[in-house]
Amino acid sequence: MHTPITDLRPSGVSTAALHALLARERTLYIQRNPTSQAQAAHAAEHLLFGVPLHWMNDWGTPFALQVASAQGAQLLDADGHRLADFCLGDTGAMFGHAPPAVTAALRRQAALGLTTMLPNEDGAVVAELLAQRFGLPLWQFAMTATDANRFVLRWMRAATGRPVLLVFNGCYHGTVDDVFVDLVDGVAVQRNSLLGQVHDLTETTRVVEFNDLAALEAALAPGDVACVLAEPVMTNIGMVLPQDGFWSQAQALIKKSGAMLVLDETHTISSGPGGYAQAHGLQADAVVLGKPLGGGMPCAAYGFSAELAERVVAAKRSAPPGHSGIGTTLTANLLAMAAMRATLSELVTPATFAPMHALAAQLSNGLRAVLLRHTMPWCVTQVGARVEFQFCAVPPVNGTQAGQAMDAELEHALHLYLLNREVLITPFHNMMLICPDTTANDVARLVAAIDGFLTDCV
Ligand SMILES: Cc1ncc(COP(=O)(O)O)c(C=O)c1O
């Protein structure tokens, strides 16, 4: 069929073909998943939005796919389909679903108690492993990366006596209110999708483009920035790599201004057992970890340099007794500590990461070959075990460019097409993660399915 030239989107896909494909794939999804449909109907009776967390509707499927089990790199759905899982709980299962080392540790600990608000010997061991892996000496815990970021931000403001948080445009660090400030035509604007926020976040959050050293220097100049909170590679607006020399110069500017650098390695831990910072020689004052740290159990941690830790302790000691605003009752519970001990000692190792990185390279190369064959103006970026493709020919250098390359309808159609071919990638942008159990066959299935989509849609 001849495609009129005006029908082509910037992503190189025809709108008419995309809409036709989407309609077909919705019908196919409904036909293939009768048990999920029945379970979703039952769930809608008492679950607000029909799912336990409203984000679960962001897959955009006619109804939520219901899970029967998840093991290794595979997810079994309620209708018996075995999906090759490249979403991996959006990184929570980066070491595979239910890794045996972790489930064994959980079984052992469950017989000995779940939560006590007192430590056991795991605390010292986990902190020592974190110090060895991530190069920072002193650690505290949280249940989620969101909480870890929230707590770190509070520590940073308390330790420096400065009010301002500096972030990069298009960042995501969990549901920490302070980070939801975007740069729109050069002006900082509170994100309008944020619900129930009554404070003007732009008063205490400054935002600049990633890879823009001049803007960073200007934003630091007033001397009121407590910390720069950043992913070493932006991973939540598609992927944005740091340009050569960006981090070495950014670190120098941050240090000179007296602000702290907090690196959120929640996703970039895909780079290796010490995260992106250790793999690329970055020196942060604080590091935040979450998601896969407990092998899929809710666990997070943050570490401080010795100098920063001293200032943090001084801030706590000089405050009156009472609520610090940092911590939650179940933080560092016995089960979480056991999960982190098992994950760090048995999975966060070079031996685990090496084959994951090799397979991610295979996936990147396979995708590039398919895109070339279809002459698609898309790019592929790899950060360790993490691979992303974006609907632009040249990799973006900042959040604005990355945002402009997004095409929600195309993403949605593609994800649904893949799901119907028993391959799962994240519902948000186009992230694919390799876990230790992912096979070359899984990678080949994913590449073939994307090939099929492009054949059907372009
Ligand atoms: C970089 C980064 N930090 C923090 C978080 C928050 O993690 P959680 O939702 O587990 O709190 C996310 C979630 O996607 C993230 O991508």
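Residues numbered from 1 in each chain as written. Predicted model: local features only at pLDDT ≥ 70, side-chain atom pairs only at ≥ 80, totals over all residues. Heavy atoms only, no water.

*Asks:* What am I meant to see in the side chain of E209 here?
*Replies:* Inspection of the secondary structure assignment puts E209 in the loop between β8 (205-208) and α6 (213-220). Of the buried charged residues, E209 lacks a salt bridge, with R191 as the closest side chain of opposite charge at 11 Å. Side-chain polar atoms of E209 contact the side chain of N169, separated by 3.4 Å. If near-sequence neighbours (up to four positions away) are discounted, E209 is found in contact with F168, N169, L183, N398, G399 and T400. (Helix = DSSP H or I, 4+ residues; strand = E, 2+ residues; numbered from the N terminus. Buried < 20%, exposed > 50% of the residue type's maximum accessible area, 1.4 Å probe, protein only. Lys, Arg positive; Asp, Glu negative; His and termini not counted. Salt bridge = Lys/Arg side-chain N within 4 Å of Asp/Glu carboxyl O. Polar contact = N/O pair within 3.5 Å; in protein donor to acceptor, adjacent residues only side chain to side chain. Contact = heavy atoms within 4.5 Å.)

*Asks:* Even after reading the chapter, I still don't get the packing of helix α3 (residues 100-110) against helix α10 (residues 334-346), so can you show me in this structure?
*Replies:* At a minimum axis distance of 9 Å, the contact between α3 and α10 shows a crossing angle of 150 degrees. Viewed along their axes, α3 and α10 adopt a mutual orientation that is roughly antiparallel. Every pair of crossing elements has a handedness; the one defined by α3 and α10 is right-handed. Listed contacts from α10 to A101, V102, A105, L106, Q109 and A110 of α3 are L334, L335, A338, A339, A342, T343 and E346. Residues of the contact of α3 with α10, tallied by class, amount to 10 nonpolar, 2 polar and 1 charged. (Axes fitted to C-alpha atoms, helices over the stretch in contact; angles between N-to-C directions. Parallel < 35°, antiparallel > 145°, perpendicular 65-115°, else oblique. Left-handed = near helix turned anticlockwise from the far one by under 90°. Nonpolar A, V, L, I, M, F, W, Y, C, P; charged D, E, K, R; others polar.)

*Asks:* How should the sheet that holds strand β1 (residues 67-71) be read in this particular structure?
*Replies:* Backbone hydrogen bonds are what pair the strands of a sheet, in a parallel or an antiparallel way. One open sheet holds the 4 strands; their spatial order is β1-β2-β3-β15, and the pairing between them is mixed. Both edges of this open sheet fall to β1 and β15 (423-424), since each of them pairs with a single strand only. Relative to β15, strand β3 (residues 82-85) runs parallel, the two being bridged by 2 bridges. Paired with D85 across the bridge in β15 is L424. (Pairing = 2+ DSSP bridges.)

*Asks:* Got a minute to help me understand the packing of aromatic side chains in this structure?
*Replies:* Aromatic rings in a pair are described by how distant their centres are and how their planes are angled relative to each other. Taken as a whole and judged by the stated rule, the model has 15 aromatic pairs. On the basis of an interplanar angle of 75 degrees and a centroid distance of 5.4 Å, the ring pair of Y417 and F453 is categorised as edge-to-face. Within this pair, whereas Y417 is found in helix α13 (residues 408-420), its partner F453 is found in helix α14 (residues 440-457), the two being separated by 36 residues in sequence. With respect to class, Y417 is no different from F453; both count as buried. One aromatic cluster is present, built from ring pairs that chain together F168, F210, F246 and W247. Above the face of the Y417 ring, R421 is positioned so that its terminal group lies 3.6 Å from the ring centre. (Phe/Tyr/Trp six-rings, centres within 6.5 Å; stacked < 30°, edge-to-face > 60°. Lys NZ or Arg CZ within 6 Å of the ring centre and 35° of its normal.)

*Asks:* For this particular structure, what's the right way to read the site of the ligand?
*Replies:* Surrounding the ligand, one finds 13 residues, the nearest of these being T146, N236, D264, H267 and K291. For the ligand, an oxygen atom lies 2.6 Å from a polar atom in the side chain of T146. Between N236 and the ligand, the recorded distance is 2.9 Å, taken from a side-chain N or O atom to an oxygen atom. Expressed as a share of its isolated accessible area of 390 Å², the protein-covered part of the ligand is 88%. Of the residues forming the shell around the ligand, the biggest block, 3 residues, is contributed by helix α5 (residues 145-160). (Near = heavy atom within 4 Å. Areas by Shrake-Rupley, 256 points an atom, 1.4 Å probe, with all protein chains shown as cover.)

*Asks:* Even after reading the chapter, I still don't get the environment of V181, so can you show me in this structure?
*Replies:* Assignment of secondary structure puts V181 in strand β6 (residues 181-184). Overall, the relative accessible area of 1% leaves V181 in the buried class. Excluding residues within four positions of it along the chain, V181 makes contact with A188, V189, Q190, L201, T202, T205 and V207.

*Asks:* What's the story with the pairing of strand β7 (residues 187-190) in this structure? I'm lost.
*Replies:* Along any regular strand, the residues point their side chains to alternate faces of the sheet. Pairing of β6 with β7, which is carried by 4 bridges, proceeds in the antiparallel orientation. Bridge pairing in β7 links D182 to V189.

*Asks:* Honestly, a nonpolar patch on the surface in this entry has me stumped. Any pointers?
*Replies:* Together, L53, W55, M56 and F428 line one region of the surface with nonpolar side chains, adding up to about 340 Å² of accessible area. Within the fold, F428 resides in the loop between β15 and β16 (431-433). Accessibility expressed as a relative area gives 31% for F428, which makes it partly exposed. (Patch = residues over 30% accessible without salt bridge, like charges linked within 9 Å, V, L, I, M, F, W, Y side chains within 5 Å.)

*Asks:* What is the right way to read the nonpolar core from this model?
*Replies:* Judged by nonpolar contacts, the single largest core of 142 residues is most densely connected at L130, M156, F168, W247, F304, F389 and F453. L130 has contacts with G135, W139, F141, L289, L293, A301 and L344, leaving out every residue within four places of it along the chain. (Core = buried A, V, L, I, M, F, W, Y, C linked by side-chain atoms within 4.5 Å.)

*Asks:* Would you explain α14 in this entry?
*Replies:* Side chains three or four residues apart in an α-helix point the same way, a direct result of the helix having 3.6 residues per turn. Taking 1.5 Å of rise per residue, 18 residues should cover 26 Å, and α14 covers 26 Å from first to last C-alpha, within 8% of that figure. Looking at α14, one finds that the buried residues are D442, V443, L446, V447, A449, I450, D451, G452, F453, L454 and C457. (Expected span 1.5 Å × (residues − 1).)

*Asks:* Is there a simple way to explain the sheet that holds strand β9 (residues 225-230) in this structure?
*Replies:* Overall, mixed pairing links the 7 strands, which are arranged β4-β12-β11-β10-β9-β5-β8 in an open sheet. With partners counted over all chains shown, the strands left at the sheet margins are β4 (138-142) and β8, one partner each. Averaged over neighbouring strand pairs, the angle between their axes works out to 20 degrees when direction is ignored. In this sheet, β8 lies alongside strand β5 (residues 164-168) in parallel orientation, the contact comprising 4 bridges. Opposite V167, over in β8, you have V207 as the bridge partner. Where helix α7 (residues 246-257) meets the sheet, it contacts β5, β9 and β10 (260-264), and its direction lies at approximately 140 degrees from that of β10.

*Asks:* Explanation requested: the pairing of strand β13 (residues 379-383) in the structure shown.
*Replies:* For β13, the buried fraction is high: 4 of the 5 residues fall into the buried class. Between the antiparallel neighbours β13 and strand β14 (residues 386-390) lie 2 residues, among them G384 with a positive phi of about 65 degrees.

*Asks:* Whenever I open this one, the environment of S305 confuses me. Can you help?
*Replies:* Tracing the sequence through the fold places S305 in the loop between β12 (300-304) and α9 (306-318). Residue class for S305 comes out buried when judged on its relative accessible area of 16%. Along the chain, S305 and A286 lie 19 residues apart, while their C-alpha atoms are 6.4 Å from each other. If we skip the residues at most four places from it in the chain, S305 touches L136, P137 and D285.

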